[in-house]
Amino acid sequence: MKAIIVDDSNFSVTLIQSMLKKKEIEVVATASKVKEAIQAADEYCPDLITMDVTLLDGDGIDCAKEIKKRNQQVQILIVSSMKDDEIQKRAKEAGAMGYLQKPINEEEFFSALDRVFFSDALFKMLQENYKDAFQEAMLHMLQQTIQGKIDAKESRGTFNIRKSLGVSVAIGIIGRHSGRMILDMKNQTLKNLYTMVAEDKKINKAEGVIFISEFANMVAGNAASLLNQLNRGFGLRVAPPTVFGGKDIVMSLGEIENKTVIVNTDAGEIFMNIGFKKGDEVWMQNLSTHF
Amino acid sequence: MDAKLINPFLGAVQGVLPQLGFQHIEKKSLEVKKGKIKTQGVVIVIGVVGELRGNVAYAVSIEDGKKIASTMMMGMPVSELDDMAKSAISELANMLTANAGINLSNEEINVDISVPTLLYGQEIEVNMSEGNIFCIGFDVDGILLTVDISLEQNKS
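Residues numbered from 1 in each chain as written. Chains lettered and ligands numbered in written order. Predicted model: local features only at pLDDT ≥ 70, side-chain atom pairs only at ≥ 80, totals over all residues. Heavy atoms only, no water.

1. Brief notes about the environment of A:Arg162
Residue and element names in this part refer to chain A.
Piece 1. Examined against the element boundaries, Arg 162 turns out to sit in strand E9 (residues 161-163).
Piece 2. Residues Arg 162 and Glu 66, 96 residues apart in the sequence, show an inter-C-alpha distance of 52 Å.
Piece 3. With near-sequence residues (within four places) excluded, Arg 162 lies in contact with Asp 184, Ile 249, Val 250, Met 251, Leu 253 and Phe 271. (Helix = DSSP H or I, 4+ residues; strand = E, 2+ residues; numbered from the N terminus. Contact = heavy atoms within 4.5 Å.)

This is the structure we're talking about:
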């Protein structure tokens, strides 16, 4: 992979250069002026350009726009010591892949590169880790709130459908690669959990919905945080939960590759299914960590 | 939830469905419900995060779901709600929500959407939020499609 660093500060150039070296990305040119940058981009056709906003003879974002016009393939990462919404908006409109504030944090920089250039590897990393993260978050949640037996076991293979035992919760998870978590349990399990957590025997339907929403929200939120800590490039965020109840409900799970964990507690069994889908390239720019 | 937020979804239904082979699309009803909806048949829910946060649910009867899948698959007969049909309906929900997202971004509101969750059953109660849900009913070539939108400004 080839990169060009456009920056009027030697210090920044050296710093970015040493980071790119760690990722085995070759720096083919550096530039400190708009004109030089456009010429270098034409000459070398790099995969990546890091672009400072303030250049010696002009504006880095205008420069990025011009380079993108000539070569749509190149990914441009805008860097600036200023962080304001206007710069970010302009960077996005110019077609940049993302925006990082100076001094560049190495971890953030690598995450941004992972999102764009190593998307397959990032998805593989997610696939290898999401089950454990959700299982850990679920166990942690239960250990904090209820007493007695708690264990979790992975149920092998991808589930195609699931007949609801009574109450189900779905939470959408959005990031570079998006997915969802589904919990399913008997109504009695929900009541037992509530009794154990709230030390209150009576629960009406509305309270049950709020309780299980919050429960699911915390599990999914904590799992997403664990995964984001592993690689910030995942950029996972959770949507609010939806709680389903009714008669003879069947959930369709098989549209995406998924994993299931069966959690056994004294309150009853909780079925947890999580699945992720490889993100669409089109969304890449919109999903950049800093937009 | 702000009533203005339904326009991007109206636009999505009117804009996307004709591209998939549907001819006649008419908005039939608009209701505001509190917290939950009750339905039967097929429901697809998609989560939304970003400057707005919430969920959008699409509901049709099983029979209408099969008709939608059939139209989307160039008129291929669909006798059962099989994997192919479910996948077609999920994809429709995905396209509509993504398109509404583009309409929102044109109004400077940026959102991202999750993968769809599809379920079906006799009596389905969908608890979407503690706030208002805007439920828009469409007649699409005789198919009754309901779009239930529950979105709030993201304060964080």
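2. Brief notes about the side chain of A:Asp184
Residue and element names in this part refer to chain A.
Piece 1. Within the element layout of this structure, Asp 184 appears in strand E11 (residues 178-185).
Piece 2. One polar contact links Asp 184 to Arg 162, side chain to side chain, over a distance of 2.9 Å.
Piece 3. Within polar-contact distance, the side chain of Asp 184 engages the backbone nitrogen of Leu 165 at 3.0 Å.
Piece 4. Setting aside its immediate chain neighbours within four residues, Asp 184 contacts Arg 162, Lys 163, Ser 164, Leu 165, Gly 166, Val 167, Ser 168, Met 251, Glu 269, Ile 270 and Phe 271. (Polar contact = N/O pair within 3.5 Å; in protein donor to acceptor, adjacent residues only side chain to side chain.)

3. A few points about unusual backbone geometry
Piece 1. The linkage connecting A:Lys102 with the following residue, A:Pro103, adopts the cis geometry, with an omega of -5°.
Piece 2. Its location among the elements puts A:Pro103 in the loop between strand E7 (98-101) and helix H5 (106-117).
Piece 3. Unlike most non-glycine residues, B:Met74 shows phi in positive territory, near 55°.
Piece 4. Topologically, B:Met74 is positioned in the loop between helix H2 (62-72) and helix H3 (83-106).
Piece 5. Although it is not a glycine, B:Glu108 adopts a positive phi angle of roughly 65°.

4. Concerning a negative patch on the surface
Piece 1. A contiguous patch of negative charge, built from A:Asp84, A:Asp85, A:Glu86 and A:Glu93, is present on the exposed surface.
Piece 2. Note that A:Asp85 resides in helix H4 (residues 85-93). (Patch = residues over 30% accessible without salt bridge, like charges linked within 9 Å, V, L, I, M, F, W, Y side chains within 5 Å. Areas by Shrake-Rupley, 256 points an atom, 1.4 Å probe, with all protein chains shown as cover. Salt bridge = Lys/Arg side-chain N within 4 Å of Asp/Glu carboxyl O. Lys, Arg positive; Asp, Glu negative; His and termini not counted. Charge placed at Lys NZ, Arg CZ, Asp CG, Glu CD.)

5. What about the packing of aromatic side chains?
Residues and elements named next belong to chain A.
Piece 1. Under the counting rule described, the total for this entry stands at five aromatic pairs over all chains.
Piece 2. Geometrically, the ring pair formed by Phe 159 and Phe 271 is edge-to-face, given 5.4 Å between the ring centres and 65° between the ring planes. One end of the pair, Phe 159, is in the loop between strand E8 (150-155) and E9; the other, Phe 271, is in strand E16 (residues 268-277), with 112 residues separating them in the sequence.
Piece 3. According to the relative accessible area criterion, Phe 271 is buried, its value standing at 0%.
Piece 4. An aromatic cluster of three or more residues is present, and its members are Tyr 194, Phe 211 and Phe 215.
Piece 5. Here Arg 162 stacks its cationic end above the ring of Phe 271, 3.8 Å away from the centre of that ring. (Phe/Tyr/Trp six-rings, centres within 6.5 Å; stacked < 30°, edge-to-face > 60°. Buried < 20%, exposed > 50% of the residue type's maximum accessible area, 1.4 Å probe, protein only. Lys NZ or Arg CZ within 6 Å of the ring centre and 35° of its normal.)

6. Quick word on the pattern of salt bridges
Residues and elements named next belong to chain A.
Piece 1. Across all of its chains, the model carries 26 salt bridges over all chains by this definition.
Piece 2. A salt bridge links Arg 70 to Glu 66, with the shortest nitrogen-to-oxygen separation between them at 3.0 Å. Of this pair, Arg 70 and Glu 66 both sit in helix H3 (residues 60-70), four residues apart, roughly one helical turn.
Piece 3. Among the ionic contacts, a cluster of salt bridges with common partners joins Asp 42, Glu 66, Lys 69 and Arg 70.

7. Observations concerning the confidence of the model for chain B
Piece 1. In the predicted model, chain B carries a mean pLDDT of 93, and 99% of its residues have values of at least 70.
Piece 2. The ipTM for the predicted assembly is 0.92, set against a pTM of 0.82. (pLDDT = per-residue confidence, 0-100.)

8. Points about the layout of surface pockets
Piece 1. Considered as a void within the structure, the second largest pocket measures approximately 620 Å³ in volume.
Piece 2. At the level of secondary structure, the elements contributing two or more residues to the lining of the second largest pocket comprise helix H8 (205-230) of chain A together with strand E1 (25-50), strand E2 (52-60), strand E4 (117-140) and strand E5 (143-153) of chain B.
Piece 3. Among the elements that line the lining of the second largest pocket, the one with the most residues is H8(A), at seven residues. (1 Å grid on protein atoms, 1.4 Å probe; cavity = no way out; pocket = protein on both sides within 12 Å on 5 of 7 lines; lining within 4 Å. Points joined across faces, edges and corners; volume = space filled by probe spheres on them.)

9. A short note on the side chain of A:Asp52
Residues and elements named next belong to chain A.
Piece 1. Among the structural elements, Asp 52 can be located in strand E3 (residues 48-52).
Piece 2. In this structure Asp 52 comes out as buried when scored by relative accessible area, which is 3%.
Piece 3. Within the structure, the side chain of Asp 52 is placed 3.3 Å from the side chain of Lys 102, a separation counted as a polar contact.
Piece 4. Discounting chain neighbours no more than four positions away, the residues touching Asp 52 are Val 6, Asp 7, Asp 8, Gly 60, Val 79, Ser 80 and Lys 102.

10. What about the interface of chain B and chain A?
Piece 1. Each side of the interface is counted separately: chain B has 31 residues, and chain A has 36 residues.
Piece 2. At the boundary of chain B with chain A, the tally comes to four salt bridges.
Piece 3. Measuring nitrogen to oxygen at the nearest pair gives 3.5 Å for the salt bridge that ties B:Glu108 to A:Lys89.
Piece 4. Linking chain B to chain A there are 12 residue pairs in polar contact (both at pLDDT 80 or more).

11. So, the nonpolar core
Residue and element names in this part refer to chain B.
Piece 1. Counting 50 residues, the largest nonpolar core has Leu 17, Tyr 58, Phe 138 and Ile 149 as the members making the most contacts within it.
Piece 2. If you list the elements that add at least two residues to this core, you get helix H1 (7-16), E1, E2, H2, H3, strand E3 (111-113), E4 and E5.
Piece 3. Broken down by element, the residue count for this core peaks at nine residues, all from H3. (Core = buried A, V, L, I, M, F, W, Y, C linked by side-chain atoms within 4.5 Å.)

12. A look at the sheet that holds E3(A)
Residue and element names in this part refer to chain A.
Piece 1. Spatially, the five strands line up as an open sheet ordered E2-E1-E3-E6-E7, and their pairing is parallel. This sheet does not close on itself; its edge strands, each paired only once, are strand E2 (26-31) and E7. Averaged over all pairs of adjacent strands, the angle between strand axes in this sheet comes to 20°, irrespective of strand direction.
Piece 2. Examined bridge by bridge, E3 and strand E6 (residues 75-80) share five bridges and lie parallel to one another. Bridge pairing links Met 51 to Ile 78 in E6.
Piece 3. Against the sheet, helix H1 (residues 10-22) engages strand E1 (2-6), E2 and E3, with an angle of about 165° to E1. (Pairing = 2+ DSSP bridges. Axes fitted to C-alpha atoms, helices over the stretch in contact; angles between N-to-C directions.)

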